[in-house]
Amino acid sequence: MPASELPAYRSSQVDPDDFDEFWAATLETSRAAASAVRIEPVESGLTTIDVFDVTFSGWNGQPVKAWLRMPKGATGPLPAIVQFVGYGGGRGHRLEDLFYASSGFAHFQMDTRGQGSGWSLGDTPDPDGTGPQTPGVMTRGIDSRETYYYRRLFTDAVRAVETVRELDSVDASRISVFGISQGGGIALAVAGLVPGLAAVAPCVPFLCDFPRATVITDGYPYKEIGDYLSIHRDRVEPVAGVLAYFDGVNFAKRASAPALFSTSLMDSTCPPSTVHAAYNVYGGERSMSLWQFNGHEGGGIVDVERALEFFRGIVGNA
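Residues numbered from 1 in each chain as written. Predicted model: local features only at pLDDT ≥ 70, side-chain atom pairs only at ≥ 80, totals over all residues. Heavy atoms only, no water.

1. A short note on the pairing of strand E3 (residues 63–71)
Right, so step 1: Of all nine residues in E3, eight are buried; the element is thus mostly enclosed.
Right, so step 2: As consecutive antiparallel partners, strand E2 (residues 49–57) and E3 are separated by five residues, and within that stretch Asn 60 has a phi angle of approximately 55°, a positive value.
Right, so step 3: The pairing of E3 with strand E5 (residues 106–110) spans four bridges and is antiparallel. In the strand pairing of E5, Arg 69 is matched with His 107. (Buried < 20%, exposed > 50% of the residue type's maximum accessible area, 1.4 Å probe, protein only. Helix = DSSP H or I, 4+ residues; strand = E, 2+ residues; numbered from the N terminus. Pairing = 2+ DSSP bridges.)

Here it is in structure tokens:
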């Protein structure tokens, strides 16, 4: 799609009538099953950052791991950034992703259930995986909205923000969410499900505009859905109905926090039209970093730097 047409593009994605009821019931069930968060200091050898190993209650009360990184000796309450991870990755090593804590923020990096080991470490299983699927997680449990993988992962992400809000070291009114690719798609879902966020920065977000994404690109992970439907030929319409409950387009409509998006015109993994499908209907103030000559790497470290400036412009410094 030419860049000139992107601002006017609208997705054909449907908005299920019971979308809000489905997610409200999902989240309430998991909140009711939650247990106390566990936070344990970790020896890191760092002189400027304290690292904590966190276990919190996610989907259906199941334990989810995270890293909490804080400026050394900080007592808070600090502004916080909750970060979600790209496809195939987990929370990583305790010494990775030190940027936001080094910048004065409380940095909470959520693990990704059932992923990790693709390019970074993961520590959280997905015990509820069900049904036949193609390799990866895009079709795990896709027979129904109740069993689909991203119902569990998005619930984990909402519970991560709610957990951070309860920390004495964090200013609950200054919590932002950030992610790249799948992490950006998760951030969009959280923006649509959690009121009162300070800011949202979804960079080259995945999981947007499934009706277009699944037919416009042969790139994975979207291609996992195509692979599945090439075998389950009679499942095209039922799968589309399930995916409507997990599309960033429908979450974006419900979001209100200021947002900084990014996309790249040469991105064959998350095509720019699919990102604009969410951006163009986003419910709050929004801006876009558009990279003309980049692919799925987007703005790289420049996206991260711009997100920091964006967050600081809204919540201030620590």
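Resuming the write-up.
2. A look at the environment of Asp 50
Right, so step 1: With respect to the secondary-structure elements, Asp 50 resides in strand E2.
Right, so step 2: Taking the C-alpha atoms as reference points, Asp 50 and Gln 62, twelve residues apart in sequence, are found 26 Å from one another.
Right, so step 3: Not counting residues up to four positions away in its chain, the partners in contact with Asp 50 are Leu 68, Arg 69, Met 70, Pro 71, Lys 72 and Gly 73.
Right, so step 4: Polar side-chain contacts of Asp 50 include one of 2.9 Å to the backbone nitrogen of Gly 73. (Contact = heavy atoms within 4.5 Å. Polar contact = N/O pair within 3.5 Å; in protein donor to acceptor, adjacent residues only side chain to side chain.)

3. Regarding unusual backbone geometry
Right, so step 1: The omega torsion of the bond from Tyr 220 to Pro 221 falls at 10°, within 30 degrees of zero and hence cis.
Right, so step 2: Tracing the backbone shows Pro 221 in the loop between helix H5 (210–216) and helix H6 (222–231).
Right, so step 3: Look at Asp 97: it is not a glycine, yet its phi comes out positive at around 55°.
Right, so step 4: Considering the arrangement of structural elements, one finds Asp 97 in the loop between strand E4 (78–84) and helix H2 (99–102).
Right, so step 5: Of note in this structure, Val 204 is not a glycine but carries a positive phi near 35°.

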